[in-house]
Structures are given as C-alpha cells and as structure tokens.
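# Observations on the model geometry
This is what each chain is made of:
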Amino acid sequence: MKILVVASEAVPFAKTGGLGDVVGALPRALARVGHHVKVFIPRYKTLSLGYYQTRLLDWNSAVEIDSRKLPLSIECVRERKSPLEHYFVRNDSLFSRSQFYVDDRTGADYPDNDDRFIFFTRAVLNTVKHLDWRPDVIHVHDWQAALIPAYLRLMLQDEPFFTGVKTVLTIHNLAFQGTFEADRFKSIGLPESHFYPTGPFEFYGKSNFLKAGIIYADKITTVSRRYAEEIQSSEMGCGLDGVLRQRSDDLIGIVNGVDYSVWSPSRDKKIPYTYYPANLSGKRMNKVELLNRLGLPVRDGTPLIGIISRLSDQKGFDLIAEIAAAIFSMDVQMVVLGSGDAKYHELFESLEKQYPDRVKACLKFDDDLAHWIEAGADMFLMPSRFEPCGLNQMYSLKYGTVPIVREVGGLADTVQNYDASTSEGNGFVFKDYSSGQLLATIKRATETYRRKRVWTKIMKAGMQLDYSWDNVAGKYIELFTKLTSN
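Residues numbered from 1 in each chain as written. Predicted model: local features only at pLDDT ≥ 70, side-chain atom pairs only at ≥ 80, totals over all residues. Heavy atoms only, no water.

### Concerning the overall build of the protein chain
- Of the regular secondary structure elements, the protein chain holds 17 helices and 21 strands.
- Against the compact-globule benchmark of 23 Å for 486 residues, the protein chain has a radius of gyration of 24 Å, which places it among compact chains.
- On the principal axes, the C-alpha backbone points of the protein chain span a range of 70 × 50 × 45 Å.
- Of all 486 residues assigned to the protein chain, the portion counted as buried reaches 59%.
- Considering only contacts within the protein chain whose residues lie at least 6 apart along the sequence, 71% involve residues at least 24 apart.
- Put simply, the protein chain shows about 20100 Å² of open surface, and 48% of that area lies on carbon and sulfur atoms.
- Of the charged side chains in the protein chain, 60 are positive and 59 negative, and the gap between their average positions amounts to 5 Å. (Helix = DSSP H or I, 4+ residues; strand = E, 2+ residues; numbered from the N terminus. Rg over C-alpha atoms; globule rule 2.2 N^0.38 Å. Buried < 20%, exposed > 50% of the residue type's maximum accessible area, 1.4 Å probe, protein only. Contact = heavy atoms within 4.5 Å. Areas by Shrake-Rupley, 256 points an atom, 1.4 Å probe, with all protein chains shown as cover. Lys, Arg positive; Asp, Glu negative; His and termini not counted. Charge placed at Lys NZ, Arg CZ, Asp CG, Glu CD.)

### As for the packing of helix H1 (residues 18-32) against helix H17 (residues 469-485)
- As a packed pair, H1 and H17 sit with axes 9 Å apart at the nearest point and diverge in direction by 75 degrees. The angle between the axes of H1 and H17 places the two elements in the roughly perpendicular class. Taking contact as the criterion, the partners of Val22, Ala25, Leu26, Ala29, Leu30 and Arg32 in H1 are, on H17, Trp469, Asp470, Ala473, Tyr476, Ile477 and Phe480.
- Taken together, the residues of the contact of H1 with H17 sort by class into 10 nonpolar, no polar and two charged. (Axes fitted to C-alpha atoms, helices over the stretch in contact; angles between N-to-C directions. Parallel < 35°, antiparallel > 145°, perpendicular 65-115°, else oblique. Nonpolar A, V, L, I, M, F, W, Y, C, P; charged D, E, K, R; others polar.)

### Some words on unusual backbone geometry
- A cis amide bond links valine 11 with the next residue in sequence, proline 12, at an omega value of 10 degrees.
- Considering the arrangement of structural elements, one finds proline 12 in the loop between strand S1 (2-6) and H1.
- The residue aspartate 66 is not glycine, and still its phi comes out positive at about 50 degrees.
- Mapped onto the elements of the fold, aspartate 66 is located in the loop between strand S4 (61-65) and strand S5 (68-78).

### A look at the sheet that holds strand S20 (residues 402-406)
- The six strands lie next to each other as S18-S17-S16-S19-S20-S21, forming an open sheet whose pairing is parallel. Unpaired on one side and paired on the other, strand S18 (359-362) and strand S21 (428-430) mark the two borders of the sheet. Averaged over all neighbouring strand pairs, the angle between strand axes comes to 15 degrees, with direction disregarded.
- The strands touched by helix H16 (residues 452-463) within the sheet are strand S19 (379-382), S20 and S21, with S20 carrying the most contacts at an inclination of about 75 degrees. (Pairing = 2+ DSSP bridges.)

### Brief notes about the pattern of salt bridges
- Within this structure, the stated rule accounts for 33 salt bridges.
- Note that aspartate 21 is salt-bridged to lysine 15, the shortest N-O span being 3.1 Å.
- The class of aspartate 21 is partly exposed, set by a relative accessible area of 21%.
- Lysine 15 sits in the partly exposed class, given a relative accessible area of 44%.
- One salt bridge connects aspartate 318 with arginine 385, and the closest N-O pair in it is separated by 2.9 Å. Of this pair, aspartate 318 sits in helix H10 (residues 317-327) while arginine 385 sits in the loop between S19 and helix H13 (392-398), placing them 67 residues apart in sequence. (Salt bridge = Lys/Arg side-chain N within 4 Å of Asp/Glu carboxyl O.)

### Let's talk about the packing of aromatic side chains
- Taken as a whole and judged by the stated rule, the model has 28 aromatic pairs.
- Consider the rings of phenylalanine 95 and phenylalanine 117, whose centres lie 6.1 Å apart with planes at 65 degrees: the pair is edge-to-face. Taken together, the positions of phenylalanine 95 in helix H2 (residues 92-95) and phenylalanine 117 in helix H3 (residues 113-130) put the pair 22 residues apart, joining distant regions of the chain.
- Ring centres 5.9 Å apart and planes at 65 degrees place the aromatic pair tryptophan 143 and phenylalanine 209 in the edge-to-face group. Of this pair, tryptophan 143 sits in helix H4 (residues 142-145) while phenylalanine 209 sits in helix H6 (residues 209-216), placing them 66 residues apart in sequence.
- The rings of Tyr44, Phe95, Phe100, Tyr101, Phe117, Phe119, Phe120, Trp143, Phe180 and Phe209 are connected pair by pair, giving a single aromatic cluster.
- Positioned over the ring face of tryptophan 372 is arginine 293, at 4.5 Å from the centre of the ring.
- Above the face of the tyrosine 260 ring, lysine 398 is positioned so that its terminal group lies 4.5 Å from the ring centre. (Phe/Tyr/Trp six-rings, centres within 6.5 Å; stacked < 30°, edge-to-face > 60°. Lys NZ or Arg CZ within 6 Å of the ring centre and 35° of its normal.)

### Side note on the nonpolar core
- One finds Phe119 and Phe201 to be the most contacted residues of the largest nonpolar core, which totals 99 residues.
- What phenylalanine 119 contacts, discounting residues up to four positions off in sequence, is Val63, Ile65, Leu70, Pro71, Leu72, Val89, Arg90, Asn91, Leu94 and Phe95.
- Membership of the second largest hydrophobic core comes to 76 residues, among which are Ile271, Leu311, Cys389 and Tyr395. (Core = buried A, V, L, I, M, F, W, Y, C linked by side-chain atoms within 4.5 Å.)

### Section: the environment of glutamate 85
- Looking at the secondary structure, you find glutamate 85 in strand S6 (residues 84-90).
- Apart from residues lying up to four places away in sequence, glutamate 85 is in contact with Val37, Lys38, Val39, Val77 and Arg78.
- Polar side-chain contacts of glutamate 85 include one of 3.2 Å to the side chain of tyrosine 87. (Polar contact = N/O pair within 3.5 Å; in protein donor to acceptor, adjacent residues only side chain to side chain.)

### Examining the sheet that holds strand S11 (residues 179-181)
- Taken in spatial order, the three strands make up an open sheet running S11-S13-S12, and their pairing is antiparallel. In this open sheet, the two strands that pair with only one neighbour each are S11 and strand S12 (202-203).
- Across two bridges, the pairing between S12 and strand S13 (residues 206-208) is antiparallel. The partner of glutamate 202 across the bridge, within S13, is serine 207.
- On the sheet, H6 packs against S11, S12 and S13 and is oriented at approximately 50 degrees with respect to S13.

What follows is the structure, given as structure tokens:
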C-alpha cells in the first residue's frame with residue numbers, strides 16, 4: 001500500500017510535542033511491514049538533520065496564494081533499507097524562522113500561519129503528482145494538514161490522478177484548530193461561496209481549517225478511544241462537538257504507541273541499571289542513584305513520586321497547588337521535571353525550599369533525567385484536566401513506575417484502577433477533577449505501596465502490557481485496508 005503522511009512535524013527532524021513523536025514512529029512501523037510511505041513536513045530553518053544528507057529534487061515550482069506566486073523546492077532523505085522517505089517542503093520566506101508556529105519576539109502565533117500551511121498542503125499535492133506517485137491513502141495530522149481532504153473534494157475532484165485516493169485525519173489535540181479571520185479565506189484558493197454560516201469552513205465568523213478537515217476526510221481518528229468520545233461532548237468538544245457527532249460513525253480512537261527501543265527498562269541506555277519484570281533489583285538501585293543525583297536523602301519505605309510534564313492548568317497543577325501541604329504531610333518524596341507557567345515554577349521553587357528533603361524541582365527539559373525518573377521513581381503523577389493520549393503514563397507502566405492519573409482521555413484507556421477486592425489493576429485512578437479526589441488517591445497509593453507483595457504485582461501488571469508502535473500500526477493498516485477496499 002502507498003501511504004502519504006502529511007504533518008507539521010516529525011521526529012527526529014522537528015518536534016514540539018506528541019505530534020512529532022507519532023509522525024516519527026508510526027510511518028516507520030508501517031514501513032517495517034512493507035508499506036511504501038512518504039512523509040512530508042515543512043523545511044524549517046531549525047530542522048534537525050543529524051547524520052541525514054538531504055537531496056534536492058531537480059524540480060522547482062511555485063504555489064499561487066492570493067495572486068502571489070511563492071517559490072517551492074523539495075528536499076528529501078530516504079531511510080536505508082526501508083521503503084520510507086521524508087520530504088521537506090521548502091520556502092524560506094515562510095519556514096526559515098526561529099520557531100515553528102510562534103513568533104518568539106511577540107509570543108503570539110505568526111500572523112501568516114494560514115498562508116504558511118495553505119502553501120504547505122498545496123505543495124504536497126503538487127509534489128506527489130509531479131513524482132507520479134499516487135497514494136492509496138493520505139494520512140493528515142491536525143489543522144496544519146487538514147485542508148488536504150477539502151482540496152481533494154472541492155478543488156481536485158475532477159483530477160484523474162487523485163481519483164479514488166482516500167483520506168484519514170488524525171486529531172491530536174482538538175484545542176488547536178487553525179482559525180483565521182474571515183477576510184483571509186480567499187487565500188485558501190476556493191470560491192468564496194464555500195464560506196457561509198454553518199458551512200464547512202465557517203466557525204463563529206472565522207475560517208477553521210480543522211473543521212473543514214473533519215467534514216471532508218473519509219475517516220477521522222483521535223489518539224485514544226476515550227478522547228474520541230470526549231470530543232463529541234459540549235464540555236470537551238471545543239465548539240466542534242456538533243460536527244464531530246455528525247461524523248461519529250467515521251470517528252475512531254486509536255491509542256498512540258511507545259518506542260520500546262528507547263523507552264524500556266531492559267534496553268534503556270540512559271539509565272544506570274537495566275532491569276526486567278523477573279528481576280526488579282535494578283529498579284531499587286536506580287532509585288538510589290536518582291535520589292543521590294537530586295540531593296535527596298535515601299529513605300527505605302518512602303515512596304518517590306515522579307512528575308514529567310509541561311507545568312500548566314491543563315496538566316492538573318492547579319489541583320496539586322491546592323493540596324501541596326497535605327501531600328507533604330505524608331511520608332513521600334517528589335521530583336518534578338518540566339517547565340511552563342510562571343506560577344507553577346514559583347510553586348515548586350517554594351515547595352523545594354519548604355521541604356528540602358522531600359522535593360526537588362528541575363524546571364527545564366532534560367531527556368536523560370526523564371529516563372532516570374521513569375526508572376527510579378515509585379509512582380508517576382498525571383492528574384490532567386484533559387489528556388488526548390499521554391505518553392508518560394505508558395512509559396511509566398513499562399518501567400514499573402505505578403501511575404496515579406485522572407480518568408480522562410488516553411489515561412483512562414491505558415491505566416486500570418487497582419481494585420483491592422480483586423487484586424486487579426496497574427495504577428490508581430480518580431474520576432472527578434477535584435483536589436480532594438486527587439489527595440485521596442495519592443493516599444491510597446502510598447498505603448498500598450507499603451504492602452510490598454501487592455505493590456510488586458501492580459508493577460508487573462503494567463510492565464507486561466504492550467503499547468508498541470507495531471501494534472498501533474496494525475490498527476491503522478486495518479483501517480486503511482477497509483477504507484481502500486470500499
């Protein structure tokens with residue numbers, strides 16, 4: 001099968017969050033089982049090419065946007081011994097900037113983000129036609145690529161090259177939709193008759209790229225089963241719940257995967273000691289090494305709670321702030337790794353001073369330390385307000401670092417609440433978004449931690465789960481196969 005993947009970022013070349021991880025891993029998993037995959041992302045100034053050598057296509061073209069002809073060139077790299085290729089859409093005036101989406105001088109989105117990704121999506125379609133490489137499926141991700149299904153339906157419907165090509169839109173976070181002022185709609189290149197109240201592009205007086213993608217894609221996926229349900233509700237639908245309910249028969253939730261060559265305690269090259277479910281002694285040694293690295297005392301019987309996160313309200317830090325004193329009235333230690341809102345930097349800096357033997361705040365991004373925390377902590381805290389998928393809870397399960405999470409999105413799909421009456425479960429889950437429920441759940445986890453035999457069983461239940469990308473790829477292949485056979 002020929003699969004075209006279109007997104008605004010992909011590991012190892014460009015990443016700001018989970019989108020980059022998914023677009024980096026899923027195409028590789030698809031290619032491993034023999035599918036021919038081409039991935040297109042913009043050619044950013046800050047693209048991380050590492051040891052890859054790009055090749056410039058012997059083809060220069062242009063994309064017309066609002067009567068302006070913008071030059072287009074394409075660079076590409078091919079994976080060794082793999083039917084996977086990456087293509088980089090180049091226009092320096094649009095993409096040679098210090099950040100991907102946000103102007104670091106103002107802290108606001110680039111005002112021409114609509115033009116940038118209109119150019120990008122039209123350039124992708126022009127390029128595959130020039131290459132005479134007709135995909136069976138075009139898999140587009142988030143608003144930055146969501147115009148492609150609309151273009152195929154409204155602009156290229158009579159183009160023989162694209163006849164029968166199917167589209168799948170994956171929504172990673174519905175909160176980001178690509179909304180722009182109505183007077184900029186003409187830049188899309190479609191007749192203005194397509195922009196009307198309640199129409200496929202109109203959204204409260206503005207144009208909305210993601211809405212158009214939802215309406216015109218053949219299938220829509222999200223990054224967890226629970227999130228697919230949640231975004232059809234008024235509470236979490238971000239204004240698009242009605243549109244999504246209309247497409248409910250074509251909306252599917254597929255939990256993201258984990259790259260176990262990187263995130264597995266038996267193979268992790270960044271941690272002091274590897275370990276396995278059959279022999280967990282390395283887990284204990286990693287905890288000692290982590291505490292020493294952090295400058296916290298080693299206390300047998302005291303659980304270490306790990307947090308690796310963006311520090312924001314979405315991630316539940318307002319709940320933690322409300323009960324911080326109550327948490328540290330218990331016999332626990334905590335390490336926090338991440339950055340974000342200033343108020344939470346101040347919170348954890350204050351807690352570190354107040355409880356110097358219990359709290360360590362590392363207010364930055366440090367990938368090596370993230371591995372150490374997953375391997376050395378006893379528990380992992382993710383009390384998110386919403387969480388489309390989440391990856392750290394899946395990392396934690398594999399490392400035997402028992403998750404404490406809210407029953408939302410991908411957290412609900414991957415963490416099973418421990419039930420003392422049945423001895424089943426791999427973590428501790430609370431339902432309502434309340435600090436009281438969070439505190440009660442932390443207390444329940446710390447009490448269970450002191451029952452070592454029970455705790456070990458919970459750890460092993462998580463370590464035995466398989467959220468590998470090969471499993472996830474199988475679900476996408478099944479979806480693509482059904483779609484193209486119709």
